[in-house]
Amino acid sequence: MTQDVQLSIGLPNFGPWPGDDWRGFVDVARAAEDAGIDRVVLVDHVVMGPHTDKYVWGRFPTPPEAPWAEPLTLLAAMAAVTERVKLATGILIAPLRGATLLAKQAATLDQISNGRLELGVACGWQREEYDAAGLDWNQRGQLLTDTLAACKALWTQTPAAFASETVNFTDTYLMPRPVQQGGVPLWIGGSLNKRNLQRIVESGDGWIPIMGLSTPDMARDVATIRQALADAGRDPAALRVQGPIPMTKGDDGAFDLARTMENAPAVIEAGATTVQLPIQAFCSNAKDAPAFFAAARRAFDTVVGS
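Thresholds, definitions, all that
Residues numbered from 1 in each chain as written. Predicted model: local features only at pLDDT ≥ 70, side-chain atom pairs only at ≥ 80, totals over all residues. Heavy atoms only, no water. Helix = DSSP H or I, 4+ residues; strand = E, 2+ residues; numbered from the N terminus. Contact = heavy atoms within 4.5 Å. Expected span 1.5 Å × (residues − 1). Buried < 20%, exposed > 50% of the residue type's maximum accessible area, 1.4 Å probe, protein only. Arc of directions from axis to C-beta. Polar contact = N/O pair within 3.5 Å; in protein donor to acceptor, adjacent residues only side chain to side chain. Pairing = 2+ DSSP bridges. Axes fitted to C-alpha atoms, helices over the stretch in contact; angles between N-to-C directions. Core = buried A, V, L, I, M, F, W, Y, C linked by side-chain atoms within 4.5 Å. Right-handed = clockwise from strand over helix to strand, strands pointing away. Phe/Tyr/Trp six-rings, centres within 6.5 Å; stacked < 30°, edge-to-face > 60°.

*Asks:* I would appreciate a short explanation of the side chain of Thr 62 in the present structure.
*Replies:* Tracing the backbone shows Thr 62 in the loop between β2 (39–42) and α2 (71–79). If we ignore the near neighbours within four places in the chain, the residues touching Thr 62 are Phe 14, Gly 15, Thr 52 and Trp 68.

*Asks:* What am I meant to see in helix α7 (residues 215–231) here?
*Replies:* Under the 1.5 Å per step criterion, the end-to-end length of α7 is 24 Å for 17 residues, consistent within 8% with the ideal 24 Å. When α7 is considered as a whole, its buried residues turn out to be Thr 215, Met 218, Asp 221, Val 222, Ile 225, Ala 228 and Leu 229. For α7, the arc enclosing every buried residue in end-on projection is 130 degrees, short of the 170-degree limit, so these residues lie on one face. Opposite the buried face of α7, at more than 90 degrees from it, the exposed residues are Pro 216 and Asp 231. Lining the buried residues of α7 we find α6 (194–203), β8 (206–209), β9 (240–244) and α9 (264–269). The N-terminus of α7 is capped by Ser 214, whose side-chain oxygen sits 3.2 Å from the backbone nitrogen of Asp 217. A positive backbone phi angle near 85 degrees is found at Gly 233, which sits one or two residues after α7.

*Asks:* Quick question: what am I supposed to make of the sheet that holds strand β3 (residues 86–93) here?
*Replies:* Within a sheet, neighbouring strands are paired by backbone hydrogen bonds and run either parallel or antiparallel to one another. The eight strands lie next to each other as β1-β2-β3-β4-β7-β8-β9-β10, forming a closed barrel whose pairing is parallel. Across this sheet, the average inter-strand angle for adjacent strands is 25 degrees, counted without regard to direction. With four bridges connecting them, strand β7 (residues 186–190) and β8 associate as parallel partners. Residue pairing across strands places Gly 189 opposite Ile 208, the latter belonging to β8. Each of β7 and β8 touches α6; the most contacted strand, β7, lies at about 175 degrees to it. Packing against the sheet, α7 makes contact with β8 and β9, and its axis sits at approximately 155 degrees to β8.

*Asks:* Explain the nonpolar core to me, please; I cannot follow it from the model alone.
*Replies:* Grouped together as the largest cluster of nonpolar side chains are 85 residues, with contacts concentrated most on Leu 11, Met 78, Leu 119, Trp 155 and Phe 293. The element contributing the most residues to this core is helix α5 (residues 140–156), with eight residues. Apart from residues no more than four positions distant in its own chain, Phe 293 is found in contact with Ile 9, Leu 11, Val 28, Ala 31, Ala 32, Ala 35, Ile 37 and Ile 279. The next biggest cluster of nonpolar side chains, apart from the first, holds five residues, and it includes Phe 14, Tyr 55, Phe 60 and Trp 68.

*Asks:* Can you help me understand the pairing of β7 in this one?
*Replies:* Looking down a regular strand, the side chains alternate between one sheet face and the other. In terms of burial, β7 is a largely internal element, five of the five residues being buried. Residues Leu 186, Ile 188 and Gly 190 line one face of β7 and the alternating positions Trp 187 and Gly 189 line the opposite face, and both faces are buried. Where strand β4 (residues 117–122) lies against β7, three bridges are found, and the strand directions are parallel. When the sheet's bridge partners are listed, Gly 120 is paired in β7 with Trp 187. On the question of chirality, the crossover connecting β7 to the parallel β8 by way of α6 is right-handed.

*Asks:* I would appreciate a short explanation of the packing of aromatic side chains in the present structure.
*Replies:* The description of an aromatic ring pair uses the distance of the two centres, along with the angle that the planes make with each other. Scanning all chains against the criterion turns up 13 aromatic pairs. Ring centres of Phe 60 and Trp 68 lie 5.9 Å apart, and the angle between their planes is 20 degrees; on these two criteria the pair is classed as stacked. Taken individually, Phe 60 and Trp 68 each receive the classification buried, so the pair is uniform in this respect. With a centroid separation of 5.8 Å and an interplanar angle of 15 degrees, the aromatic rings of Phe 282 and Phe 292 are classed as stacked. Here Phe 292 lies in helix α10 (residues 289–304) and Phe 282 lies in the loop between β10 (274–278) and α10, a separation of ten residues in the sequence. Taking relative accessible area as the criterion, Phe 282 reaches 22% and is therefore assigned partly exposed. Phe 292 gets classed as buried once you look at its relative accessible area, which sits at 5%. Joined through ring pairs, the aromatic side chains of Phe 14, Tyr 55, Trp 57, Phe 60, Trp 68 and Trp 125 make up one cluster.

Here's what the structure looks like:
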């Protein structure tokens, strides 16, 4: 089963976890590849406002003044020292970059990595980032929809043309194209509302469920997406899903890797094509990452099967 389902590790490209050496992420990438991790995932904030208390999924992991490395730049450095491990975002706030710039950055990074880039994308939750970028917060959903569709056009048409409410161009060339046929895979993040379902059907290759969604509810939503893809003439079996593994603590009150990994089969049964763990729950700093990666790979193979 592990040949079909990927083990994905979320890396905190923010706060104190990297220590004082951001170049250490290069060593982390090498360690992930050496341990047989299938996929590493970085997250995104371009700037931070002061109101982190508005984060609705619990306590925000950093104060607003904490460092937060730009994920595409960091993934490019990681791509240069690896050959196999997939490089992903989960999520990238796509509208903040603009369609043409994002399409160019992603295509270049896909070339550098030889087709290993996957973009998890969403609108984000913080109004201050849109204000600082001169973008209309109230138009963020439309900006996301148009940005993703425009990227697809730029990656697949030569020359490209696209018309929408917020992005428009004609007779436009973007080269080099991504290595991956059809462009860089787009994993749409968030709740499965009507608009996100439409984005997946029209532009998406995968789905990243909203934080806190239960495994049974994820299974329900995966079935909904697959049916919508089939209704649109797309192959529902091609849908990719990033499923978070529910976390389990040990007798000492700390998160237990072996017990947590026992939850993976249910997540896979619910439709996940990749199961994800946050490294910081088990590993407090980058120096300990190699040992964690090896342990996670062993636990995954033990529970899921090789």
